[in-house]
Amino acid sequence: MKYNIDCTDSYEYLIDFDNLSGIRNYSSLPEIDQETSTCLVHLENLSVNMYDKVWRDQILSINIKSKINIDEDLIILAKKAKLVIENIRCYDLMVIHDENNYYYSSGLQFNTKDRLISLGGYDIEHLDSNIYSRVIFKGKVFLELEEENIIPLMIGCDDQIGYQGIQKINNEKETEVMKKNKSMDLKRFNSIRSSIWEFDFFMNYFVSQDGYHEAIKSYV
């Protein structure tokens, strides 16, 4: 069963891109649909918070028997997920591959009230590679999950799978990536490192709201 969680106003609380659970999250390179101005990112081994009624209700209204109904104070592991960002204005990509940094910028520009999401993780397809993306948008954000890919990870402060379980998940995913280990297409990068990666610029133009980042002035 598939769920489509609208997290436009709460993506910073819903999704753990910082590996706080100890499980390494993985990300694909972003797929951009120019015709619809949509960004799609495939995510694997993603920790997702499920303590907020807004998120839980979007799942339980579809499937009251979902695994998330085990407890209200819950963190789950999504073995596979998709993040869909609508109406993007621009995006920047930084990939650390074989200890080298590669950049792509679509052209940094945004208006007041546009939103920014920072995402990434270990690379799903390329060994020794980490992906970091910053997408500026003025539409909605959806996290797509499937029931079969959900594992209860933590209830309150109680770990549901233990240290050995976390290590097993990390090792299995690393082995999976080693078997794939596709060759990185370096032609997709235009070597433009935009100001969005600079801390002072970020702090000067964006403010953290309750669940998302928003531009406080325009940059064109």
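The structure we're discussing is the one just above.
Along every chain, residues carry numbers that run from 1 in the direction the sequence is written. Under the rules for a predicted model, residues below a pLDDT of 70 receive no local features and side-chain atom pairs below 80 are neither given nor counted, while totals for whole chains, interfaces and linings still include all residues. The side-chain numbers reported here are obtained from all heavy atoms of the structure, hydrogens and water having been left aside.

## Quick word on the side chain of Ser27
Here comes step 1: Structurally, the position occupied by Ser27 is in strand β3 (residues 26-27).
Here comes step 2: You can call Ser27 buried: its relative accessible area is 1%. A run of H or I in DSSP counts as a helix once it spans at least four residues, and a run of E counts as a strand once it spans at least two, with each numbered from the N terminus. Only protein chains enter the area calculation, which uses a 1.4 Å probe; residues under 20% of their type maximum are buried, those over 50% are exposed, and those in between are partly exposed.

## Here we look at unusual backbone geometry
Here comes step 1: A positive phi angle, close to 55 degrees, is found at Ser37, a residue other than glycine.
Here comes step 2: Of note, Ser37 is situated in the loop between β4 (31-33) and β5 (38-49).

## A few points about the state of the cysteines
Here comes step 1: Here, the term disulfide refers to a pair of cysteine sulfur atoms separated by no more than 2.5 Å. Overall, the coordinates contain zero disulfides when judged by the stated rule.
Here comes step 2: Cys7 takes part in no disulfide bond, and the closest cysteine sulfur to it belongs to Cys39, at a distance of 13 Å.
Here comes step 3: In this model Cys39 remains outside any disulfide bridge; the closest cysteine sulfur is found in Cys90, 11 Å from its own.
Here comes step 4: Its relative accessible area of 0% is what places Cys39 among the buried residues.

## So, the pattern of salt bridges
Here comes step 1: Counted as salt bridges are all cases of a side-chain nitrogen of Lys or Arg within 4 Å of a carboxyl oxygen of Asp or Glu. Summed over all chains, the structure comprises 14 salt bridges.
Here comes step 2: For Asp57, the salt bridge is made with Lys53, and the minimal N-O distance between the two is 2.6 Å. With Asp57 and Lys53 both in helix α2 (residues 53-60) and four residues apart, this pair spans about one turn of that helix.
Here comes step 3: Of the residues examined, Asp57 reaches a relative accessible area of 34% and is grouped as partly exposed.
Here comes step 4: Here Lys182 ties to Glu125 by a salt bridge, and the two come within 3.1 Å at their closest N and O atoms. Of this pair, Lys182 sits in the loop between α3 (162-180) and α4 (199-205) while Glu125 is found in the loop between β9 (115-123) and β10 (129-137), placing the two residues 57 residues apart along the sequence.
Here comes step 5: Residue classification places Lys182 among the partly exposed positions, given a relative accessible area of 44%.
Here comes step 6: In this structure Glu125 comes out as partly exposed when scored by relative accessible area, which is 29%.

## Points about the nonpolar core
Here comes step 1: Counting residues in hydrophobic clusters, the biggest one holds 35 residues, and the most contacted among them are Leu14, Met50, Leu83, Ile85 and Leu143.
Here comes step 2: The dominant element in this core, judged by the number of residues it contributes, is strand β6 (residues 74-85), at six residues.
Here comes step 3: When sequence neighbours within four positions are dropped, the list of residues in contact with Met50 reads Ile5, Leu14, Trp55, Arg56, Ile59, Ile68, Glu72, Leu74 and Ile76.
Here comes step 4: Side-chain atoms within 4.5 Å are what join buried Ala, Val, Leu, Ile, Met, Phe, Trp, Tyr and Cys residues into a set we call a nonpolar core. Leu108, Leu116, Phe206 and Ala215 belong to the second largest nonpolar core, which has 14 residues in total. Any two residues whose heavy atoms approach within 4.5 Å are treated as being in contact.

## Some remarks on the packing of aromatic side chains
Here comes step 1: Aromatic rings from Phe, Tyr and Trp, with only the six-membered ring used for Trp, were paired whenever their centres fell within 6.5 Å, and each pair was classed as stacked if the ring planes differed by under 30 degrees, edge-to-face if by over 60, and tilted otherwise. One pass over the full model with this rule turns up 13 aromatic pairs.
Here comes step 2: On the numbers, 5.5 Å between centres and 85 degrees between planes, the contact of Tyr205 with Tyr219 is edge-to-face. Here Tyr219 lies in the segment after β15 (213-215) and Tyr205 lies in helix α4, a separation of 14 residues in the sequence.
Here comes step 3: Directly above the aromatic system of Phe202 lies the positively charged group of Arg134, at a separation of 4.7 Å from the ring centroid.
Here comes step 4: Only when the NZ atom of a Lys or the CZ atom of an Arg is both within 6 Å of the ring centre and within 35 degrees of the ring normal do we say a charge sits over the ring. Here Lys217 stacks its cationic end above the ring of Tyr205, 5.0 Å away from the centre of that ring.

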